[in-house]
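# Breakdown of the fold
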Amino acid sequence: MRDSAELSDSPDEQPLQFQLREDGDDGDGLQRRNGHSGDVAAMAWCDARLPATAANIAAATVGVGLAWSLLYVNVSSELMTVPGGSLSSIFMLYVTGTVAGKLIYEIVGLPPRFGMLLAGIALQNAGLYTVTGWCSQLVSFIREVSLAVTLINGGLELDANQLRRLSGVVARLTLLPCLAEAATVTVAAYLILPDFSWQWSLVLGFTLSAVSPAILVPGLFQLKRMGYGEVKGVNTLLIAASSLDNIVSICAFRIALVVLFLTGNLTSKITQGLIDVSIGTVAGVIWGFFLIFVPPSPWAVIYKNQETENTNKSQRLDRLITAKRSFLLGAGGFLAMSGSRWCGYPVAGPLACIISAFVAGTGWRWRLKMQTRNNTANSVEENCDDEDLCKGKPVEKVFEYAWTGLQPSVFAFLGTDIKFELLKKFDMVFVGLLVLTFGIAVRMIVTTCSVLGSGFSRKEIIFVNISWLPKATIQAILAPFALNMARQFGTPEDIECGTRLVTIAVLSILLTAPIGAIGIKLFGPRLLPRAK
């Protein structure tokens, strides 16, 4: 789950064929760059760097203005009032979060979600964010969709072969640090935070226990391109374990919420949780297996008129199949999320979402591999210009772009739950950092123990600890979800606890996301051996 700024490399990291070769004139008054088909000349003055940059900014500005105007003339004026209009608040939040994320990435080099979070905090405390009525339901809907997309991404990114090859160390690195940090945060929050029940402490523990693949994976891919971390498979290990770490945290979080809000004794709550897990597992396997064969693959007999020699028709067919698979997987996952809650089995939905994506993604890659092996004379990859398509991962790419579009709203919405008055009232900065510090300290100790004896050097173990620090995506989704549950089903005390949970989650993002992103980039080349 990588955002748009991380999906595309910075200019100095891109392959040479995409870099500008000459910024000035080449003697003939033309700007030249090296593209896919050799030298490409910019034929007009407006294609030079400065005019093109200005045109790009103008296009974005006009686009925002058009979107605002369309909303203004088609919806109630009360919704678009500034300040105070609910729809105008959501619109400004999304645009401001997108711009802030872009700026903080380009200027400071920090992850874009850091700027999005700060934009939400700023708008809320400046009195420019007010959402009521059906717009509140819209915000909840966006958050629910974001969680579904995150879970599907996590399932698609899991590689069965990698899990099989690194099963032992992946299992240890997934379970032990996650559970240890959750347990430590639970105990620390119960003892330190005022009027914080053990149930809320458990919810906080599993909210903070997840690592952020959105911070981790792009940094590891960059190191991988430079040859670092490939000698002993550190990159592969961390990428596989990070997705599983998220799955464990999310499922445990939902179970903790069931324990918190479900009526009945502890035995009935545990039984309910086991039933939820069973239903989610079975439903996920069945839906994922169904998607392996429906819709049919591009090489099915019904498409025999689409000759593989016709590259354009073949690629259009591939994109059509990708769109169908993406829609069915996404719609099914979101239905599982909302439908399971409607049926009274809230844990089953997220689990079904992850498992169906994993089963379907594994099946798609297996079928592509079998088709390629059985048709060596006319391989599927021969007419493939898309690397992700050739690897059987086009659906994963679709959900990465979906997450890119949803990301500004997710982190900016999280920032709107933070009010400076709350920080002063509960002295939450100091107390929250104290709870967070205890959790991180225990996590690092257990992480070190988890990889001992796996053949990694001392420097590699230090890098694993650095990589296991950042928190962002899961905290941004789960913390507001817990607060919304408190507002719907809880008491005023529950709402207060939910608000404090959100505050601590934001502190964890502000503290660990920059440290993790910078640490991976800075210490990776210093701590990891380089493949020859």
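Quantities reported herein were computed from a predicted structural model and do not represent experimental measurements. (Residues numbered from 1 in each chain as written. Predicted model: local features only at pLDDT ≥ 70, side-chain atom pairs only at ≥ 80, totals over all residues. Heavy atoms only, no water.)

## Brief notes about the environment of Leu-87
We count it as follows: Runs of H or I in DSSP of at least four residues are treated as helices and runs of E of at least two as strands, each being numbered from the N terminus. Residue exposure (1.4 Å probe, protein chains only): buried if accessible area is under 20% of the type maximum, exposed if over 50%, otherwise partly exposed.
By secondary structure assignment, the location of Leu-87 is in helix 3 (residues 86–108). Overall, the relative accessible area of 11% leaves Leu-87 in the buried class. Taking the C-alpha atoms as reference points, Leu-87 and Ser-77, ten residues apart in sequence, are found 9.8 Å from one another.

## Quick look at the confidence of the model for the protein chain
As a reminder of what qualifies: The quantity called pLDDT is the predictor's confidence in a given residue, expressed from 0 to 100. Contact criterion: two residues are considered in contact whenever any of their non-hydrogen atoms come within 4.5 Å of each other.
Averaged over all residues, the pLDDT of the protein chain is 80; the fraction at 70 or higher stands at 84%. By mean pLDDT, helix 1 (residues 4–7) is the weakest element of the protein chain at 42, and helix 8 (residues 198–208) is the strongest at 93. Residue range residues 1–38 is modelled with pLDDT below 50. Its contacts to residues more than four positions away, or to other chains, number 75 contacts. Confidence drops under a pLDDT of 50 for residues 377–390, and excluding neighbours within four residues, the segment shows 26 contacts in the predicted structure.

## Some points on the nonpolar core
Short version of the rule: Throughout this description, the term nonpolar core refers to a set of buried Ala, Val, Leu, Ile, Met, Phe, Trp, Tyr and Cys residues connected via side-chain atoms within 4.5 Å.
One finds Leu-193, Trp-200, Val-203, Leu-204, Leu-257 and Leu-329 to be the most contacted residues of the largest nonpolar core, which totals 90 residues. Per-element tally for this core: the top contributor is helix 19 (residues 473–489), with ten residues. If you look at the next biggest cluster of nonpolar residues, it comprises 25 residues, including Val-211, Tyr-228, Val-234 and Val-451.

## Structural notes on the pattern of salt bridges
Selection rule: Only one rule defines a salt bridge in this text: a Lys or Arg side-chain nitrogen within 4 Å of an Asp or Glu carboxyl oxygen.
What the rule picks out here adds up to five salt bridges. For Glu-106, the salt bridge is made with Lys-102, and the minimal N-O distance between the two is 3.2 Å. Placement of both Glu-106 and Lys-102 in helix 3 is noted, with a separation of four residues, approximately one turn of the helix. Overall, Lys-102 belongs to the partly exposed group, its relative accessible area being 49%. The closest approach of N and O atoms between Lys-471 and Glu-181, which form a salt bridge, is 2.9 Å. Separated by 290 residues along the polypeptide, Lys-471 in the loop between helix 18 (458–467) and helix 19 and Glu-181 in helix 7 (residues 167–192) bring together distant segments of the chain. Residue Glu-181 is classed as buried on the basis of its relative accessible area, which comes to 0%. One salt-bridge network, in which partners are shared between bridges, spans Glu-181, Asp-245, Arg-443 and Lys-471.

## A look at the environment of Ala-240
Summarising the element assignment, Ala-240 is placed in helix 10 (residues 234–261). Expressed as a C-alpha distance, the spacing of Ala-240 and Val-217, which sit 23 residues apart in the sequence, is 9.8 Å.

## Points about the packing of aromatic side chains
Counted only if it meets this: Two rings from Phe, Tyr or Trp (for Trp, the six-membered ring) form a pair when their centres are within 6.5 Å of each other. A pair whose planes differ by under 30 degrees is stacked, one over 60 is edge-to-face, and the rest are tilted.
Counted by the stated rule, this structure contains six aromatic pairs. Relative to Phe-293, the ring of Phe-289 has its centre 5.3 Å away and its plane inclined at 65°; by these criteria the two rings are edge-to-face. In this pair, Phe-289 and Phe-293 are both assigned in helix 11 (residues 266–293), four residues apart and thus about one turn of the helix distant. For Phe-293, a relative accessible area of 41% corresponds to the partly exposed category.

## Some remarks on unusual backbone geometry
The omega angle of the peptide bond from Val-294 to Pro-295 is 0°, so this bond is cis rather than trans. Looking at the secondary structure, you find Pro-295 in the loop between helix 11 and helix 12 (311–343). Phi is positive for Asp-195, which is not a glycine, with a value near 55°.

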